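Geometric and topological summary
Chain by chain, the residues:
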Amino acid sequence: RAAAHGAVSWPRPRNAIDHEDAAAQANATYPYRGQACPSPDGPGRTTGVLGQACFWFSNGCAIGCASCDGKSRGPIPSSGDPRWRRKFDLCGAAARATVCDPRLRTVNTGAACGSEEDWYYYSPWRAPGAAPVFDACGMAGGGPVAGVQSGEYNATQFAKQGDLGSKLPEAPTGVVW
């Protein structure tokens, strides 16, 4: 059973390059207990071992789109705003999800595939390989410019908003996959 989200916690990923920078973590967009991307560390405990690793992603990307816009996001089921509380085709491509089996989906598994309740139908993980990305290893903050819907990567000596994860220095772990 997975006990984390957004980044592998072991071996430590190279996008956790700032894991020892306490100021970067405390000043993160959504710090929790002084940690930018808290990872489970036992019952009721978290650790900041990942630094800002969960802030490396591609925002505003959907299946069938030609590119990511860096500012849009997917649905927000908990929102009271009808603009976000629905499924929507970000670029109007009418692409089709290929992962419909509820056993293979991680969220909203009770919705019939493609139905109005299938909020994440156009999300990249619903059709692997059919959505663009800024970089295979993510972009710091999810887009070139910090904004409301993209994350805000707290600049450090190692990286800043918009940097590409594939350009980070290698961080050998000794682990062979």
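Residues numbered from 1 in each chain as written. Predicted model: local features only at pLDDT ≥ 70, side-chain atom pairs only at ≥ 80, totals over all residues. Heavy atoms only, no water.

Focus on the overall build of the chain
Per the secondary structure count, the chain includes one helix and four strands. The order of helices and strands in the chain, counted from the N terminus, is α-β-β-β-β. Taken over the C-alpha trace, the chain has a radius of gyration of 17 Å; the compact-globule value for 177 residues is 16 Å, and the two agree within 12%. If one aligns the C-alpha atoms of the chain with their principal axes, the spans along those axes are about 45 × 40 × 35 Å. Pairs at least 24 apart in sequence give 60% of the contacts found in the chain among residues at least 6 apart. About 10,300 Å² of surface is accessible on the chain, with carbon and sulfur atoms providing 54% of the total. (Helix = DSSP H or I, 4+ residues; strand = E, 2+ residues; numbered from the N terminus. Rg over C-alpha atoms; globule rule 2.2 N^0.38 Å. Contact = heavy atoms within 4.5 Å. Areas by Shrake-Rupley, 256 points an atom, 1.4 Å probe, with all protein chains shown as cover.)

Examining the confidence of the model for the chain
Close inspection of predicted coordinates is inappropriate for parts of the model with low pLDDT. Averaged over every residue, the pLDDT of the chain is 83; residues scoring 70 or more account for 90%. Looking at the elements of the chain, mean pLDDT is at its lowest for helix H1 (residues 22-26), recorded as 74, and at its highest for strand E4 (residues 139-140), recorded as 92. (pLDDT = per-residue confidence, 0-100.)

Focus on the state of the cysteines
Taken as a whole, this structure holds three disulfides when the rule is applied. A disulfide bridge connects Cys65 with Cys91, and the sulfur atoms are separated by 2.2 Å. An S-S torsion of about -105° defines the bridge between Cys65 and Cys91 as left-handed. Within this pair, whereas Cys65 is found in the loop between strand E3 (56-57) and E4, its partner Cys91 is found in the loop between E3 and E4, the two being separated by 26 residues in sequence. For Cys65, a relative accessible area of 10% corresponds to the buried category. With its sulfur 1.9 Å from that of its partner, Cys100 forms a disulfide with Cys113. With a gap of 13 residues between them, Cys100 in the loop between E3 and E4 and Cys113 in the loop between E3 and E4 connect regions that are remote in the sequence. (Disulfide = S-S within 2.5 Å. Buried < 20%, exposed > 50% of the residue type's maximum accessible area, 1.4 Å probe, protein only.)

Describing the pattern of salt bridges
Overall, the coordinates contain four salt bridges when judged by the stated rule. Across the pair Asp118 and Arg126 runs a salt bridge whose closest N-O atoms are separated by 2.7 Å. Of the residues examined, Asp118 reaches a relative accessible area of 0% and is grouped as buried. Asp163 is paired through a salt bridge with Lys160; the nearest N and O atoms lie 2.9 Å apart. Here the salt bridges do not stand alone but share partners, grouping Arg105, Asp118 and Arg126 into one network. (Salt bridge = Lys/Arg side-chain N within 4 Å of Asp/Glu carboxyl O.)

What about the side chain of Asn15?
Structurally, the position occupied by Asn15 is in the segment before H1. For Asn15, the residues in contact, after removing those within four places along its chain, are Gln52, Ala53, Trp56, Cys137 and Leu168.

Regarding unusual backbone geometry
The backbone of Ala94 shows a phi angle near 55°, a positive value even though the residue is not glycine. By secondary structure assignment, the location of Ala94 is in the loop between E3 and E4.

Details of the packing of aromatic side chains
Across all of its chains, the model carries three aromatic pairs by this definition. Ring plane angle 40° and centroid distance 6.0 Å describe the contact between Tyr120 and Trp125, whose orientation is recorded as tilted. What makes Tyr120 buried here is its relative accessible area of 16%. Taken together, a centroid distance of 5.0 Å and an interplanar angle of 90° make the contact between Tyr121 and Tyr122 edge-to-face. (Phe/Tyr/Trp six-rings, centres within 6.5 Å; stacked < 30°, edge-to-face > 60°.)

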